[in-house]
Amino acid sequence: MDVNGVVAEGFEPVREAFAANFEVRGDRGAAVTVYRDGHRVVDLWAGTKDVDGTAPWRRDTAQIVRSATKGVAAAVLLLLAQRGELDLDAPVGEYWPEYKTAGKERTLVWHLLAHRAGVPVLDRPLTPAQAADPVQGAAAVAAQAPVWEPGTDHGYHAQTYSWLTGELVRRVTGRSIGAWIAEEIAGPVGADLWVGLPSGEAGRVGRVAQAEAPTADAGVLRVRPKRSVSEAYANPDSLTRRAFGAITPMPDENDPAYRAAVLPASNGIATADGLARFYASLIGELDGGTRLFTPETVELARTERSSGPDRVLVINTRFGLGYMLHGGASPLLSEGSFGHPGRGGALGFTDPDSGIALGYVTNSFRKSVTADPRAQALVRAVRTALS
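Parameters at a glance
- Residues numbered from 1 in each chain as written.
- Predicted model: local features only at pLDDT ≥ 70, side-chain atom pairs only at ≥ 80, totals over all residues.
- Heavy atoms only, no water.
- Pairing = 2+ DSSP bridges.
- Helix = DSSP H or I, 4+ residues; strand = E, 2+ residues; numbered from the N terminus.
- Contact = heavy atoms within 4.5 Å.
- Buried < 20%, exposed > 50% of the residue type's maximum accessible area, 1.4 Å probe, protein only.
- Lys, Arg positive; Asp, Glu negative; His and termini not counted.
- Salt bridge = Lys/Arg side-chain N within 4 Å of Asp/Glu carboxyl O.
- Polar contact = N/O pair within 3.5 Å; in protein donor to acceptor, adjacent residues only side chain to side chain.
- Core = buried A, V, L, I, M, F, W, Y, C linked by side-chain atoms within 4.5 Å.
- Axes fitted to C-alpha atoms, helices over the stretch in contact; angles between N-to-C directions.
- Parallel < 35°, antiparallel > 145°, perpendicular 65-115°, else oblique.
- Left-handed = near helix turned anticlockwise from the far one by under 90°.
- Phe/Tyr/Trp six-rings, centres within 6.5 Å; stacked < 30°, edge-to-face > 60°.
- Lys NZ or Arg CZ within 6 Å of the ring centre and 35° of its normal.

Give me the lowdown on the sheet that holds strand β4 (residues 63-64), citing residues and values where you can.
Spatial ordering of the open sheet is given by β4-β7-β5, a layout of three strands whose pairing is antiparallel. Where the open sheet ends on each side, the last strands, each with one partner, are β4 and β5 (193-194).

If you want it as structure tokens, here you go:
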């Protein structure tokens, strides 16, 4: 596999790990970008634009990043709080009166970000068309009774995070969260990322698909999930299945209508550089772009708000405000790192202590939810480069 792009001196282990992702971990088309202290030190891409095609991946190729979108959406709420337009400790119903029903009256804004709101499921799942309608999505989650008392426990809001964050932003700003991201984040930062893909950018985006992991004899360690996790994903009545099935049937992620929808839990589209550049902008100045977070907001983002057994993912997880934190479920660079993986592959995160920001995107998704082996190989390689 020919690997295109450049790495700065000392970051050669990242190129080696990226090449190995194709040679032994089964990547078909992917890219990785790393910034350090606001400067790009790794920018690599290889393979094909489409998972099932032959056209080459180019530097500006973008892909859907699934739940890695959640980290971008979280930045909107944190920036609104930074600007004094949103109180993270206020009840959600103060901004969104219709939400004050069915036992959700005491839900606070930060509960939404830390997956403590208690509404990871919908009793009546939405179709893809209904999910793309922000009015129907917001109404469904506002009417939903919580499955635990908000604030008392945590569980991953895999799909409902879209309407929880999206409607709150609309109530506070009068804009869709996708428009806010385009105007207040992607534009000022110079990042190629979208939540709600403009039609003019569609030609840059590759086709994605679920792909089988390499066989054991390809030299890849295959870890069997715990029985409790397997059972949760197999049981249609479990919180796990119901949370991921809040949109049923599963949307076609290659459908232009789905890509144009604004679903900040799941359908963001980005280049590797766009994702890495976004994270670099959270923690410091960068070449040709604006710093987004103050040091105080960085600390808010990465201060633990939820930890321990996750009622949806059935593993131990750690969350700050909208971001996964370093831990067994999603190993990042160090204890101070924060970011978000996308189910089956993508990863974006930053490590303020080392000044590192990383973005990885792929067109071949796996069954992994949080710690994809390809992304983890790249994280380990960055750690080696810094040692």
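Having seen the model, we can carry on.
Account for the side chain of Gln376, naming residues and giving values.
Looking at where Gln376 falls in the secondary structure, it is placed in helix α13 (residues 373-386). Sequence-distant contacts of Gln376, that is, excluding residues within four places in its chain, are made with Pro331 and Ala371.

Run through the environment of Leu168, naming residues and quoting values.
Within the secondary structure, Leu168 is located in helix α6 (residues 161-173). Of the residues examined, Leu168 reaches a relative accessible area of 1% and is grouped as buried. Taking the C-alpha atoms as reference points, Leu168 and Val109, 59 residues apart in sequence, are found 8.7 Å from one another. Apart from the residues lying within four places of it in its own chain, the contact partners of Leu168 are Leu77, Leu86, Tyr95, Trp96, Val109 and Leu112.

Kindly report on the side chain of Arg259, identifying the contributing residues and their values.
Mapped onto the fold, Arg259 is located in helix α10 (residues 256-260). Here Arg259 sits buried without a salt bridge, and the closest side chain of opposite charge, Asp50, lies 6.8 Å off (N-O distance). At a separation of 2.8 Å, a polar atom in the side chain of Arg259 contacts the main-chain carbonyl oxygen of Glu253. Ignoring any residue separated from it by four or fewer positions in sequence, one finds Arg259 in contact with Gly196, Leu197, Val205, Gly206, Arg207, Val208, Glu253, Asn254, Asn267 and Ile269.

Run through the nonpolar core, naming residues and quoting values.
Counting residues in hydrophobic clusters, the biggest one holds 84 residues, and the most contacted among them are Val76, Tyr99, Ile185, Phe278, Leu282, Phe293 and Tyr323. Per-element accounting of this core gives the leading share, nine residues, to helix α2 (residues 69-82). Leaving out residues up to four positions away in the same chain, Phe293 has contacts with Ala75, Leu78, Leu79, Gln82, Ser281, Leu282, Val298, Ala301 and Tyr323. Among the nonpolar cores identified, the runner-up in size contains 27 residues, and Ala19, Phe22, Val32 and Leu332 belong to it.

Which residues make up the packing of helix α1 (residues 12-23) against α13, and what values go with them?
At a minimum axis separation of 8 Å, α1 and α13 run at an interaxial angle of 165°. The pairing of α1 with α13 is recorded here as roughly antiparallel in orientation. The crossing of α1 and α13 is right-handed. On α13, the residues that touch Pro13, Val14, Ala17, Phe18 and Asn21 of α1 are Arg374, Ala377, Leu378, Ala381, Val382 and Thr384.

Tell me about unusual backbone geometry, and please be specific about residues and values.
In this model, Thr248 is joined to Pro249 through a cis peptide bond whose omega is 0°. Secondary-structure assignment places Pro249 in the loop between α9 (239-244) and α10. One non-glycine residue, Arg66, adopts positive backbone phi at about 50°. Within the secondary structure layout, Arg66 lies in the loop between β4 and α2.

Describe the pattern of salt bridges, and please don't skip the residues or the numbers.
A full pass over the atoms with the stated rule returns 22 salt bridges. Across the salt bridge formed by Arg302 and Asp353, the nearest N and O atoms sit 3.5 Å from each other. Here Arg302, found in helix α12 (residues 295-302), pairs with Asp353, found in the loop between β12 (347-351) and β13 (356-362); they are 51 residues apart in sequence, far enough to count as distant. Judged by relative accessible area, which is 56%, Asp353 ranks as exposed. A salt bridge links Arg318 to Glu335; the shortest N-O distance between them is 3.3 Å. Taken together, the residues Arg318 in strand β9 (residues 316-319) and Glu335 in the loop between β10 (324-325) and β11 (338-341) connect sequence positions 17 residues apart. With relative accessibility at 54%, the residue Glu335 sits in the exposed group. It is possible to trace a salt-bridge network through shared partners that takes in Arg40, Asp43, Arg59 and Asp273.

With reference to specific residues and values, describe the packing of aromatic side chains.
Summed over the entire model, instances satisfying the criterion amount to eight aromatic pairs. Ring plane angle 80° and centroid distance 5.3 Å describe the contact between Phe18 and Phe22, whose orientation is recorded as edge-to-face. Taken together, the residues Phe18 and Phe22, both in helix α1 and four residues apart, mark about one turn of the helix. Of the two residues examined, Phe18 and Phe22, each falls in the buried class. Connected via pairs of aromatic rings, a cluster forms that spans Tyr156, Tyr233, Phe244 and Phe319. Sitting over the face of the ring of Trp110, Arg305 holds its NZ or CZ atom 4.8 Å from the ring centroid. Positioned over the ring face of Phe244 is Arg343, at 4.3 Å from the centre of the ring.

What is shown is where atoms sit, not what they do.
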